[in-house]
Number of protein chains: 2
Amino acid sequence: MTSLEDDKRSAGRPRSFDRDQLIEKVMHLFWDRGYRDLSFNEIATATGLTRASLYNSFKSKEALFFEALGNYSSSTPDVLFTKVKDGEPVGPVFYQVFAHAAKLRASEEKKRGCFTVNCFAELAGDDTVVGQELANLMEEKRAVIVRLINQAVRQKELPKDTDAETTANLVMAFLSGFSLFSKGGASEKTLFSMCTSFLQQIGFQTP
Amino acid sequence: MTSLEDDKRSAGRPRSFDRDQLIEKVMHLFWDRGYRDLSFNEIATATGLTRASLYNSFKSKEALFFEALGNYSSSTPDVLFTKVKDGEPVGPVFYQVFAHAAKLRASEEKKRGCFTVNCFAELAGDDTVVGQELANLMEEKRAVIVRLINQAVRQKELPKDTDAETTANLVMAFLSGFSLFSKGGASEKTLFSMCTSFLQQIGFQTP
DNA sequence: ATTATATTATACAGGTTTGTATAAAAAAAT
DNA sequence: ATTTTTTTATACAAACCTGTATAATATAAT
């Protein structure tokens, strides 16, 4: 995910900035400001680079955004979902991810919610590459959850008449709404109560 | 809510446009494009007016937005929530509102989700008048739902150990996520399944 | 018809954005 | 040390945005 083969340089003046550090900064800019409202110009100014330098390393705002999104996606609480192997209990992972998200979102000084959800909210349905890619990303996340719900049913963690698709949709909807709530400034206690209550309602045990 | 006393004119050249019609148009522009990305200039161009004319009737983009928001708020499915009297059953109203929302969101050619949710997602946490006002609006909606949940508990429609605050939060989160889902293009069937499943999970009966 | 009043047309200044183009600077390779 | 290669600095044109200011226009009131 980091830039390894990107740096197989041959000769010439070296960059004055660290690429990964730059992407991290840009991610926070998009997170704070959204996609459309943040101009290429502002990115350059805020990072202390000239537009020429930015254009040289990234061909567009879109390209920068995808890098930022990739960077975020690798550090989000729900990556745990993708690591559950068949046979392993599912409920505890849900609890872990949700509890972590509640603590994380409440601990951030600037309450910004989930970067991915924010971007999807802004760009879902847009007939652009960015909109399409965000839709794909969300569908991937949903598919992972469908798989986990089915696994939970097989493992008798959830009732066998559970509708996996609908339940997964509810999880996705919950996570989106949860993100908005945290963006609105809800306390960790509030967020945590929502998490445990929701998990119980879809049928999971909580500690 | 419509402009009545706004039109107590005395003399002078009459407007070339209908004020309410204009606000309706502007609402759709904000709905399509979001708040920040839509410029005052574009509003003027898209409505066929000059900036001078717009500035004359509305002092700012912000003012236009509030009019648009007010216009939308009066026609949204959840207005029904505010009309439930004490003693009246609550569950059927929830079902009605949710079912209507599912049908409505799926029927719109452009899938744009809920205008209010979109705006809140864009501007929640913003230290601006618009951000604050949206936060207030959402809190009002939440308060109405808290009241309804409490009423439902009193009327034995929901279990008496129901946590009204958390349940109302879950409803708000669901509605937000639901909006995002509809924006993403989910079918009416999908949306409807989510609604009935959610209502059952928080403890309501559904037809 | 004349006057008062409100709306619209037009123009301007100052700012921002994008994309490109050209020259200067810095380091690696020979 | 010279050449090659890449990054940076600077500049430009064209487009857009905002806010304001002034003149033209259209109607109600007298």
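Everything here concerns the structure above.
How each quantity is defined
Residues numbered from 1 in each chain as written. Chains lettered and ligands numbered in written order. Predicted model: local features only at pLDDT ≥ 70, side-chain atom pairs only at ≥ 80, totals over all residues. Helix = DSSP H or I, 4+ residues; strand = E, 2+ residues; numbered from the N terminus. Buried ≥ 20, exposed ≤ 12 C-beta atoms within 10 Å, placed from the backbone. Contact = placed C-beta atoms within 7 Å. Least-squares fit on C-alpha atoms with pLDDT ≥ 70 in both. Expected span 1.5 Å × (residues − 1). Nonpolar A, V, L, I, M, F, W, Y, C, P; charged D, E, K, R; others polar. Core = buried A, V, L, I, M, F, W, Y, C linked by C-beta atoms within 7 Å. Axes fitted to C-alpha atoms, helices over the stretch in contact; angles between N-to-C directions. Parallel < 35°, antiparallel > 145°, perpendicular 65-115°, else oblique. Left-handed = near helix turned anticlockwise from the far one by under 90°.

Visitor: Explanation requested: the overall build of chain A in the structure shown.
Guide: Helix and strand counts for chain A come out as nine helices and zero strands. Secondary structure elements in chain A, listed N-terminal to C-terminal, are α-α-α-α-α-α-α-α-α. The C-alpha extent of chain A, read off along each of the three principal axes, is 60 × 35 × 30 Å. Buried positions account for 34% of the 207 residues belonging to chain A. Contacts in chain A between residues far apart in sequence, at least 24 positions, make up 60% of those at least 6 positions apart.

Visitor: Looking at this structure, I do not really get the relation of the copies chain A and chain B. What am I missing?
Guide: There are two copies of the chain, and a rotation about an axis plus a shift along that axis relates them. You can overlay chain A on chain B at an RMSD of 0.0 Å; the transform is a turn of 180 degrees with a shift of 0.0 Å along its axis. Viewed as a symmetry operation, the transformation between the two copies matches a two-fold axis. Looking at the interface residues of chain A, 100% of them are also at the interface in chain B, so both copies use one shared face.

Visitor: What's the story with helix H9 (residues 188-202) of chain B in this structure? I'm lost.
Guide: In a regular helix each residue adds 1.5 Å, so 15 residues correspond to 21 Å; H9 of chain B covers 21 Å between its end C-alpha atoms and thus fits that length. Just past H9 of chain B, the residue Gly-203 of chain B takes up positive phi, approximately 115 degrees.

Visitor: Where do I start with the interface of chain A and chain B in this structure?
Guide: Much of the literature gives interface size as the accessible area that the parts lose upon coming together. In this assembly, 35 residues from chain A lie in contact with 35 residues from chain B. Within the residue set of the side of chain A that touches chain B, elements represented by two or more residues are helix H6 (115-123), helix H7 (129-154), helix H8 (164-183) and helix H9 (188-202) of chain A. With 12 residues, H8 of chain A is the single largest residue contributor to the side of chain A that touches chain B. In terms of residue class, the side of chain A that touches chain B is built from 15 nonpolar, 13 polar and seven charged.

Visitor: Whenever I open this one, H7 of chain A confuses me. Can you help?
Guide: Residues lying three or four places apart along an α-helix face the same way, a consequence of the helix completing one turn every 3.6 residues. Residues and elements named next belong to chain A. Look at H7: 37 Å from first C-alpha to last across 26 residues, which is about the 38 Å you get at 1.5 Å a residue. All buried positions along H7 are accounted for by Leu-134, Met-138, Lys-141, Ile-145, Leu-148, Ile-149 and Ala-152. At its buried positions, H7 is contacted by helix H5 (91-107), H6 and H8.

Visitor: I would appreciate a short explanation of the nonpolar core in the present structure.
Guide: As a rule of thumb, soluble globular proteins bury nonpolar side chains together. In this structure, Phe-120 and Phe-174 of chain A together with Phe-120 and Phe-174 of chain B are the most contacted members of the largest nonpolar core, which totals 102 residues. Beyond its immediate sequence surroundings of up to four residues, Phe-120 of chain B is in contact with Leu-180 of chain A together with Leu-134 and Met-138 of chain B.

Visitor: Sorry, what's going on with the packing of helix H1 (residues 19-33) of chain A against helix H4 (residues 61-73) of chain A here?
Guide: Two quantities define a packed helix pair, namely the angle between the helix axes and the distance between the axes. All names here are of chain A. At a minimum axis distance of 8 Å, the contact between H1 and H4 shows a crossing angle of 95 degrees. On the basis of the axis angle, H1 is roughly perpendicular to H4. Contact residues: Ile-23, Glu-24, Val-26, Met-27 and Phe-30 in H1; Leu-64, Phe-65, Glu-67, Ala-68, Asn-71 and Tyr-72 in H4. In terms of residue class, the contact of H1 with H4 is built from eight nonpolar, one polar and two charged.

Visitor: Before we go on, may I ask you to explain the packing of helix H6 (residues 115-123) of chain B against helix H7 (residues 129-154) of chain B in this structure?
Guide: All names here are of chain B. Interhelical geometry of H6 versus H7 gives an angle of 130 degrees and a closest axis separation of 9 Å. What the angle tells us is that H6 and H7 run oblique. Along this stretch, H6 crosses H7, giving a crossing that reads as left-handed. Facing Thr-116, Cys-119, Phe-120 and Leu-123 of H6, the residues of H7 in contact are Val-130, Gly-131, Leu-134, Leu-137 and Met-138.

Visitor: Would you take a moment to explain the environment of Gln-151 of chain B for this structure?
Guide: Residue and element names in this part refer to chain B. As for its position among the elements, Gln-151 is in helix H7. A C-alpha to C-alpha distance of 9.9 Å links Gln-151 and Val-84, two positions 67 residues apart in sequence. When near neighbours in sequence (up to four residues on either side) are disregarded, Gln-151 contacts Asp-86 and Val-90.

Visitor: How should I be thinking about unusual backbone geometry in this particular structure?
Guide: Residues and elements named next belong to chain A. Despite not being glycine, Lys-156 shows a phi value in the positive range, around 65 degrees. Along the chain, Lys-156 falls in the loop between H7 and H8. Its 8 C-beta neighbours within 10 Å are what place Lys-156 among the exposed residues.

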